[in-house]
Amino acid sequence: MAKIFKPGKVAVVTRGRFAGKKVVILQNLDQGTKSHPFSHAIVAGVERYPLKVTKSMGAKRIAKRSRVKTFIRVVNYNHLMPTRYALELDNLKGLVSAETFKEPSQRSAAKKVVKKTFEEKYQTGKSAWFFTPLRF
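Being a predicted model, the structure only gives us computed values, none of them experimental.

**Regarding empty space enclosed by the protein**
1) Next: Per the counting criterion, the structure on display carries one cavity of 30 Å³ or more.
2) Next: The calculated volume of the largest cavity comes to roughly 40 Å³.
3) Next: Together, P7, G8, V24, I25, L26, L87, L89 and K93 line the largest cavity.
4) Next: Its residues assigned to classes, the lining of the largest cavity comprises six nonpolar, one polar and one charged.

**Topic: the layout of surface pockets**
1) Next: When its volume is computed, the largest pocket comes out at roughly 150 Å³.
2) Next: Around the largest pocket, the lining residues are L29, T33, S35, H36, H40, I42, V74, A98, E99, F101 and K102.

**What about the environment of G20?**
1) Next: Tracing the backbone through its elements, the reader meets G20 in the loop between β1 (9-13) and β2 (22-29).
2) Next: The spatial distance from the C-alpha of G20 to the C-alpha of F136 is 9.6 Å, given a sequence separation of 116 residues.
3) Next: Residues within four places of G20 in sequence aside, it is in contact with V12, V13, Y49 and L134.

Conventions we followed
- Residues numbered from 1 in each chain as written.
- Predicted model: local features only at pLDDT ≥ 70, side-chain atom pairs only at ≥ 80, totals over all residues.
- Heavy atoms only, no water.
- 1 Å grid on protein atoms, 1.4 Å probe; cavity = no way out; pocket = protein on both sides within 12 Å on 5 of 7 lines; lining within 4 Å.
- Points joined across faces, edges and corners; volume = space filled by probe spheres on them.
- Nonpolar A, V, L, I, M, F, W, Y, C, P; charged D, E, K, R; others polar.
- Helix = DSSP H or I, 4+ residues; strand = E, 2+ residues; numbered from the N terminus.
- Contact = heavy atoms within 4.5 Å.

Put into structure tokens, the structure is as follows:
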């Protein structure tokens, strides 16, 4: 069977608090671990998407509306739906691991780095699909 969930792949969370939110897979663990004995992935996603920006808005308002709220999480493969898209995030590859979730300060630091990276990615205009909420 082919590996679907690879680092950099974009997926949609189908269950739980973040259902319907888009995530990018940072690390996949097919065999599971002692704390999570099932196949799962460590993901970073968009909790609150940026708002629409128009030409008539000022720089301060554009900056405020372009903010992205992010999350990092361990998600079971059964609760992820893969997409055809991928996101190039080279600086996030080794950032989040299983040890990151044990210490709250490490987790918040990792979230800040993910937030900064996502906002930079959004500002470049690339991967616009990732930063728009699902419509259904």
